[in-house]
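A closer look at the structure
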Amino acid sequence: MIGSVQRAVRLLEAIAGHPYGAPAKQLARETRLALPTAYHLLRTLTHEGYLRRESGLFFLGEAVERLGGSAAEQKRRSTIVGLLADWHERLGAPVYFAVYLEGEIEVKCVSDSPGNPAVEEWADFRETGHAHAVGQCLLSQLDDEARRDHLDRYPVRSVTPYTVRDAEALWRRFERAEDGEPVIERQEYALGTACAAVPLTTADATAAVAISLPVHQAGRLLPAARQLRAEAERRLGPLAVSISI
């Protein structure tokens with residue numbers, strides 16, 4: 001063990017217990033450190049941004065707050081990865097988590113296996129949102145202005161012979177879509193593949209979770225998607241609010 005690191009951690013832990021700050025002498029007593037040692041470590045931690053000093057009192061600094069935020073974010077990511085892996089195993093299908101962030105479609109996490117591989121991104125997912133279930137599901141959650149902006153930047157085009165024909169046809173799909181119902185496409189993005197995506201309804205995030213299956217198993221798609229929707233709303237929805245993986 002490195003003694004100086006251990007002593008610095010003890011100081012940080014002690015200061016965390018004083019939301020209104022504490023002086024060096026008190027911190028030295030609580031950590032059983034010699035006062036010169038405590039002063040040296042406190043100055044170093046302050047210089048590195050892990051502490052700040054005001055009117056002779058020490059407080060946790062911005063660097064600690066960043067570490068705390070990163071730890072919370074990592075925990076959310078780990079939870080999402082675990083949920084997708086669980087659903088992949090139980091549904092026997094690849095599972096995808098995606099968000100619409102700053103005007104772009106982003107597939108953030110995929111859980112698959114050699115026996116149930118994910119769809120290969122042979123055409124950029126961001127540019128072909130009109131053609132795959134994930135993109136259609138995300139776009140359906142946007143307001144008209146944001147949706148038009150996206151389709152102006154990434155116009156509807158044929159990806160396969162089954163892709164939606166034009167923007168008007170796509171817009172009619174959006175108008176017919178029922179709130180919360182899975183969005184299903186068959187071979188519109190990848191030949192031989194059918195996909196379903198369900199929205200994650202939150203006040204602060206546009207997100208979706210999806211599955212894909214070989215087209216000859218398309219009969220499984222809707223029941224599996226509805227099962228996924230029920231679990232995702234309960235277990236994944238709250239995490240989608242602040243996710244940025």
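Summary of the structure given here. Since the model is a prediction, treat every value here as computed from it, not as a measurement.

**Section: the overall build of the protein chain**
A count of helices and strands for the protein chain gives nine helices and seven strands. In terms of C-alpha radius of gyration, the protein chain reaches 25 Å, well past the compact-globule figure of 18 Å for 245 residues. Taken over the C-alpha atoms alone, the protein chain extends approximately 75 × 40 × 30 Å along its principal axes. Scored against the burial criterion, the 245 residues of the protein chain give a buried share of 44%. Long-range contacts, defined here as pairs at least 24 residues apart, represent 60% of the contacts in the protein chain between residues at least 6 apart. Looking at the protein chain as shown, the accessible area adds up to about 13300 Å², and 50% of this sits on carbon and sulfur atoms. For the protein chain, the distance from the average position of its 29 positive side-chain charges to the average position of its 33 negative side-chain charges is 9 Å.

**A look at the pattern of salt bridges**
Taken as a whole and judged by the stated rule, the model has eleven salt bridges. As a salt-bridge pair, arginine 229 and glutamate 181 come within 2.8 Å of each other at their nearest N and O atoms. With arginine 229 in helix 8 (residues 221–235) and glutamate 181 in the loop between helix 7 (167–176) and strand 5 (183–186), this pair connects stretches of sequence that are 48 residues apart. Overall, the relative accessible area of 24% leaves glutamate 181 in the partly exposed class. A single salt-bridge network, built from bridges that share partners, covers Asp86, Arg90 and Glu231.

**As for helix 1 (residues 3–16)**
Its 14 residues place the ends of helix 1 20 Å apart at the C-alpha level, agreeing with the 20 Å of an ideal helix rising 1.5 Å per residue. Along helix 1, the positions that sit buried rather than exposed are Ala8, Leu11, Ala14 and Ile15. The buried residues of helix 1 occupy an angular sector of 120 degrees when the element is viewed end-on, so they sit on one face. Residues of helix 1 that are buried sit in contact with helix 2 (24–31), helix 3 (35–47), strand 1 (51–54) and strand 2 (57–60).

**As for helix 3**
Every α-helix carries 3.6 residues per turn, so stepping three or four residues along brings you back to the same face. Between its terminal C-alpha atoms helix 3 stretches 18 Å, which fits the 18 Å expected from 13 residues at 1.5 Å a residue. Within the sequence span of helix 3, burial applies to Ala38, Leu41, Leu42 and Leu45. Within helix 3, the buried residues cover an arc of 100 degrees as seen down the axis, which keeps them to one side. The exposed set on the far side of helix 3, more than 90 degrees from its buried face, consists of Pro36, Arg43 and His47. Buried residues along helix 3 sit against helix 1, helix 2, strand 1 and strand 2. Taken from the residues just after helix 3, glycine 49 is the one with a positive phi, measuring 90 degrees.

**Here we look at the packing of helix 6 (residues 144–153) against helix 7**
Running from N to C, helix 6 and helix 7 cross one another at 150 degrees; their axes reach a closest spacing of 13 Å. Comparing the axis directions of helix 6 and helix 7 gives the class roughly antiparallel. The handedness of the crossing between helix 6 and helix 7 comes out as right-handed. Of the residues in helix 7, those touching helix 6 at Asp144, Arg147, Arg148 and Leu151 are Leu170, Trp171 and Phe174. Partitioned by chemical class, the residues of the contact of helix 6 with helix 7 number four nonpolar, no polar and three charged.

**Looking at the packing of aromatic side chains**
Per the counting criterion, the structure on display carries three aromatic pairs. Ring geometry for phenylalanine 125 and tyrosine 189: centres 5.2 Å apart, planes at 40 degrees, overall tilted. Of this pair, phenylalanine 125 sits in the loop between strand 4 (104–111) and helix 5 (133–140) while tyrosine 189 sits in the loop between strand 5 and strand 6 (193–201); the two residues are 64 residues apart in sequence, bridging distant segments of the chain. Tyrosine 189 carries the same exposure label as phenylalanine 125, and that label is buried. Put simply, the rings of Trp122, Phe125 and Tyr189 pair up and form one aromatic cluster. One cation-aromatic arrangement involves arginine 147 over tryptophan 171; the distance from NZ or CZ to the ring centre is 5.1 Å. Stacked on the ring of phenylalanine 174, the Lys or Arg arginine 147 has its end atom at 4.5 Å from the ring centre.

**Details of the environment of glycine 21**
Mapping glycine 21 onto the fold places it in the loop between helix 1 and helix 2. It is 38 Å that separates the C-alpha atoms of glycine 21 and arginine 235, two residues lying 214 residues apart in sequence. Those residues within four positions of glycine 21 in sequence are excluded, and the remaining contacts are Leu57, Phe58 and Phe59.

How each quantity is defined
Residues numbered from 1 in each chain as written. Predicted model: local features only at pLDDT ≥ 70, side-chain atom pairs only at ≥ 80, totals over all residues. Heavy atoms only, no water. Helix = DSSP H or I, 4+ residues; strand = E, 2+ residues; numbered from the N terminus. Rg over C-alpha atoms; globule rule 2.2 N^0.38 Å. Buried < 20%, exposed > 50% of the residue type's maximum accessible area, 1.4 Å probe, protein only. Contact = heavy atoms within 4.5 Å. Areas by Shrake-Rupley, 256 points an atom, 1.4 Å probe, with all protein chains shown as cover. Lys, Arg positive; Asp, Glu negative; His and termini not counted. Charge placed at Lys NZ, Arg CZ, Asp CG, Glu CD. Salt bridge = Lys/Arg side-chain N within 4 Å of Asp/Glu carboxyl O. Expected span 1.5 Å × (residues − 1). Arc of directions from axis to C-beta. Axes fitted to C-alpha atoms, helices over the stretch in contact; angles between N-to-C directions. Parallel < 35°, antiparallel > 145°, perpendicular 65-115°, else oblique. Left-handed = near helix turned anticlockwise from the far one by under 90°. Nonpolar A, V, L, I, M, F, W, Y, C, P; charged D, E, K, R; others polar. Phe/Tyr/Trp six-rings, centres within 6.5 Å; stacked < 30°, edge-to-face > 60°. Lys NZ or Arg CZ within 6 Å of the ring centre and 35° of its normal.

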